[in-house]
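Structural features, examined
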Amino acid sequence: MSQDQQRFSPPKQGIWSALRPRLNYAVALGLALVIALPMAYDSLTTETVLTKVTDFQTIQLADGSTISLNAGSRIKYKKDFNTEHRTLTLSGEAYFNVQKGTIPFVINTDHGQITVLGTSFNVRARKDGFEVGVNEGIVKVSNENSRQKIIIYPYHSRDGAFKIGSKDLYI
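This report concerns the structure included in the present document. (Residues numbered from 1 in each chain as written. Predicted model: local features only at pLDDT ≥ 70, side-chain atom pairs only at ≥ 80, totals over all residues. Heavy atoms only, no water.)

This part covers the packing of aromatic side chains. Per the counting criterion, the structure on display carries four aromatic pairs. Their ring planes at 70° and their centres at 6.0 Å tell us that F96 and F105 sit as a pair that is edge-to-face. Accessibility expressed as a relative area gives 0% for F96, which makes it buried. For the pair F96 and F121, a centre-to-centre distance of 5.2 Å together with 15° between the ring planes defines the contact as stacked. On the criterion of sequence distance, the pair formed by F96 in strand β5 (residues 86-98) and F121 in strand β8 (residues 119-126) is long-range, its members being 25 residues apart. Of the two residues, F96 and F121, both sit in the buried class. Joined through ring pairs, the aromatic side chains of Y77, F81, F96, F105 and F121 make up one cluster. (Phe/Tyr/Trp six-rings, centres within 6.5 Å; stacked < 30°, edge-to-face > 60°. Buried < 20%, exposed > 50% of the residue type's maximum accessible area, 1.4 Å probe, protein only. Helix = DSSP H or I, 4+ residues; strand = E, 2+ residues; numbered from the N terminus.)

A few words on the pairing of strand β6 (residues 105-108). Where a strand is regular, its side chains alternate between the two sheet faces. The pairing of β5 with β6 spans four bridges and is parallel. Residue R86 lies in a different strand from β6, and its bridge partner there is F105. Pairing of β6 with strand β7 (residues 113-116), which is carried by four bridges, proceeds in the antiparallel orientation. Across the sheet, F105 pairs through a bridge with V116, a residue of β7. Joining the antiparallel neighbours β6 and β7 is a turn of four residues. (Pairing = 2+ DSSP bridges.)

Here we come to the side chain of T51. Residue placement: T51 occurs in the loop between β1 (46-50) and β2 (57-60). On the basis of relative accessibility, which here comes to 4%, the residue T51 falls in the buried class. Residues within four places of T51 in sequence aside, it is in contact with Q57, L69, N70, A71, G72 and S73. (Contact = heavy atoms within 4.5 Å.)

By themselves these figures say nothing about function.
Shown next, in the form of structure tokens:
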């Protein structure tokens, strides 16, 4: 064989050298799926209602309860609401008129959790604090940081609101 023939003959490659580019694509695709699937599942199984700073919106839930969502607020709940649970997440301020039911109605916020069976009340959960005002019925408020649970009756304090700081429960 002459030197010209050796120069133009392709070098011999091992199996890993041939698979490496494809393996890189497979790993990248796998990572993309690991990241995208939970977000896709969440968007397919949850409802999110967001109000702008100038908006006010009333929402009717599957159990007949109504939520009046104040400006600059967000509420998020699973699409199967009222089948085995009545749980939602609130960021901002909303007035709730909860229908009585056997399953507790639970509102999660960054500051605490409110549990009710049937009542009407207001919840304000913003960065500067957390307030619950009860008009009818009874509401239980809890906070993970203090592990304290407090029952609130209508007009529990002088101004009709129960205030909770960002760290602990207090009246």
